[in-house]
Amino acid sequence: MLLELEDVRVAYGRIEALHGISIGIDQGEVVALIGANGAGKTTTMRAISGLLNLTGGRIRFNGEDISKLRADLRVVRGLCQSPEGRGIFPGMTVAENLDMGAYTRRDRQGVADDLKRVYGLFPRLEERSKQSAGTLSGGEQQMCAIGRALMARPKVLLLDEPSMGLAPMLIQQIFNIITEISQQGTTILVVEQNAQQALSRAHRAYVLETGRIVKEGTGAELLVDPAVKEAYLGVA
Ligand code: ATP
């Protein structure tokens, strides 16, 4: 496994939000984490990227125990998150935001190549490269956040709710791009409330309920699972 969470616990003060979850992601996979509001999806992402400390368990990346590694060093190792709510720098231009994604890199040619790749995936960002990111539409900001994360050339891209606030057509488009990023060789963990899209795109998925993994399987298996259908796909 490229990324492995083993019995991970996270607490906010005295309240435990993750009660020992185990998740594994293989090289090249797209893995989805689905769950209702407050299930602990964002908490899981923040624990992986090092923004929250574990109160139990461990996280291994590429064979190394990174449970206590600083967040910035996890980025250097190749774990990169595109946060929920986008988290772009609104006062900077699109190009400057993308450049910030590459701040730990010294390989200038590689960075230039990746910028071309990001503009290839998101032509809209190239058109708007000089526009301040705060004035982009919601969908464009999402593209900018994903593009910025890609500029770190991650081994694993962590996507927190990439479809949040987007119109149905754009959701489709963002997931098409996620599939394309995966086909270009990046491993992806995606957290989603849009279970239909996430499950139909993911190789495997985990269902998180109030801080516990209650189900796992291939995307195809979970799409037809009666309990998943009822709880997350809006069909009985
Ligand atoms: P959503 O889909 O609504 O974003 P989520 O699955 O991402 O939900 P989390 O944001 O991980 O859920 O929250 C998990 C639990 O931890 C919730 O009960 C939430 O209230 C709690 N929680 C999250 N952040 C904090 C915090 N900073 N302080 C205290 N409790 C928190």
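Keep in mind that this is a model prediction, so the values were computed, not measured. (Residues numbered from 1 in each chain as written. Predicted model: local features only at pLDDT ≥ 70, side-chain atom pairs only at ≥ 80, totals over all residues. Heavy atoms only, no water.)

Moving on: the environment of Leu150. Turning to its location among the elements, Leu150 is positioned in helix 6 (residues 138-150). Since its relative accessible area comes to 1%, Leu150 is described here as buried. Along the primary structure Leu150 and Ile181 are separated by 31 residues, whereas in three dimensions their C-alpha atoms are 8.9 Å apart. Setting aside its immediate chain neighbours within four residues, Leu150 contacts Asp114, Arg117, Val118, Leu121, Leu157 and Ile181. (Helix = DSSP H or I, 4+ residues; strand = E, 2+ residues; numbered from the N terminus. Buried < 20%, exposed > 50% of the residue type's maximum accessible area, 1.4 Å probe, protein only. Contact = heavy atoms within 4.5 Å.)

Where helix 6 contacts helix 7 (residues 168-183), the two axes come as close as 11 Å, and the packing angle between them is 10 degrees. Classified by the angle between their axes, helix 6 and helix 7 sit roughly parallel to one another. From helix 6, Gly139, Gln142, Met143, Ile146 and Leu150 reach across to helix 7, where they touch Leu170, Gln173, Ile174 and Ile181. For the contact of helix 6 with helix 7, the residue count by class is six nonpolar, three polar and no charged. (Axes fitted to C-alpha atoms, helices over the stretch in contact; angles between N-to-C directions. Parallel < 35°, antiparallel > 145°, perpendicular 65-115°, else oblique. Nonpolar A, V, L, I, M, F, W, Y, C, P; charged D, E, K, R; others polar.)

This part covers the site of the ligand. Looking at the ligand, there are 13 residues lining it, with Asn37, Gly38, Lys41, Thr42 and Thr43 nearest. A distance of 3.1 Å separates an oxygen atom of the ligand from a polar atom in the backbone of Ala39. In the environment of the ligand, an oxygen atom lies 2.7 Å from a nitrogen or oxygen atom belonging to the side chain of Lys41. Coverage of the ligand by the protein chains reaches 56% of its 630 Å² of free accessible surface. Counting residues per element, the shell around the ligand draws most heavily on helix 1 (residues 41-49), which supplies three residues. Here the residues of the shell around the ligand are counted per class, giving four nonpolar, six polar and three charged. (Near = heavy atom within 4 Å. Polar contact = N/O pair within 3.5 Å; in protein donor to acceptor, adjacent residues only side chain to side chain. Areas by Shrake-Rupley, 256 points an atom, 1.4 Å probe, with all protein chains shown as cover.)

With that out of the way, let us pick up the side chain of Glu192. Looking at the secondary structure, you find Glu192 in strand 8 (residues 187-192). Filtering out sequence-adjacent residues up to four positions away, Glu192 remains in contact with Leu33, Ile34, Gly35, Lys41, Glu161, Pro162, Ser163, Phe175 and Ala198.

A volume near 420 Å³ is recorded for the largest pocket. Forming the walls of the largest pocket are 19 residues, and the residues nearest its centre are Val75, Cys80, Gln81, Tyr103 and Arg148. Residue assignment for the lining of the largest pocket shows that the elements contributing at least two residues are helix 2 (71-77), strand 6 (79-82), helix 3 (94-101) and helix 6. Looking at the lining of the largest pocket residue by residue, the classes come out as 12 nonpolar, five polar and two charged. (1 Å grid on protein atoms, 1.4 Å probe; cavity = no way out; pocket = protein on both sides within 12 Å on 5 of 7 lines; lining within 4 Å. Points joined across faces, edges and corners; volume = space filled by probe spheres on them.)

Turning next to the sheet that holds strand 1 (residues 3-12). Overall, antiparallel pairing links the four strands, which are arranged 2-1-4-5 in an open sheet. Strand pairing shows two members of the sheet lacking a second neighbour, strand 2 (15-25) and strand 5 (64-65), which therefore form its edges. When strand 1 meets strand 2, the two strands line up antiparallel, connected through eight bridges. Among the inter-strand pairings, Val10 is bridged to a residue of strand 2, identified as Leu18. Along the sheet face, helix 1 touches strand 1, strand 2 and strand 4 (56-61) and points at about 115 degrees away from the line of strand 1. (Pairing = 2+ DSSP bridges.)

This paragraph deals with the nonpolar core. The biggest cluster of nonpolar side chains holds 45 residues, and the ones touching the most others in it are Ile34, Phe122, Leu125, Ile181, Ile188 and Val228. Setting aside chain neighbours within four positions, we find Ile181 in contact with Arg117, Leu121, Ile146, Leu150, Leu157, Thr186 and Ile188. In this structure, Ile23, Ile25, Leu189 and Leu208 belong to the second largest nonpolar core, which totals 28 residues. (Core = buried A, V, L, I, M, F, W, Y, C linked by side-chain atoms within 4.5 Å.)

This part takes up helix 1. Helical periodicity: at 3.6 residues per turn, an α-helix aligns residues three or four positions apart in one direction. For helix 1, the buried fraction is high: seven of the nine residues fall into the buried class. Turning to helix 1, its buried residues are Lys41, Thr43, Thr44, Met45, Ala47, Ile48 and Ser49. One or two positions beyond helix 1, positive phi appears at Gly50, with a value near 90 degrees.

When pLDDT is averaged across the protein, the result is 92; 97% of the residues are at 70 or more. On the interface metric, ipTM, the complex scores 0.95, and its pTM is 0.91. (pLDDT = per-residue confidence, 0-100.)

Another point: the packing of helix 3 against helix 6. In contact at an axis separation of 6 Å, helix 3 and helix 6 are set at 35 degrees when each is read in the N-to-C sense. In this structure, helix 3 crosses over helix 6, and the sense of that crossing is right-handed. Of the residues in helix 6, those touching helix 3 at Val94, Asn97, Leu98, Met100 and Gly101 are Cys144, Gly147 and Arg148. (Left-handed = near helix turned anticlockwise from the far one by under 90°.)

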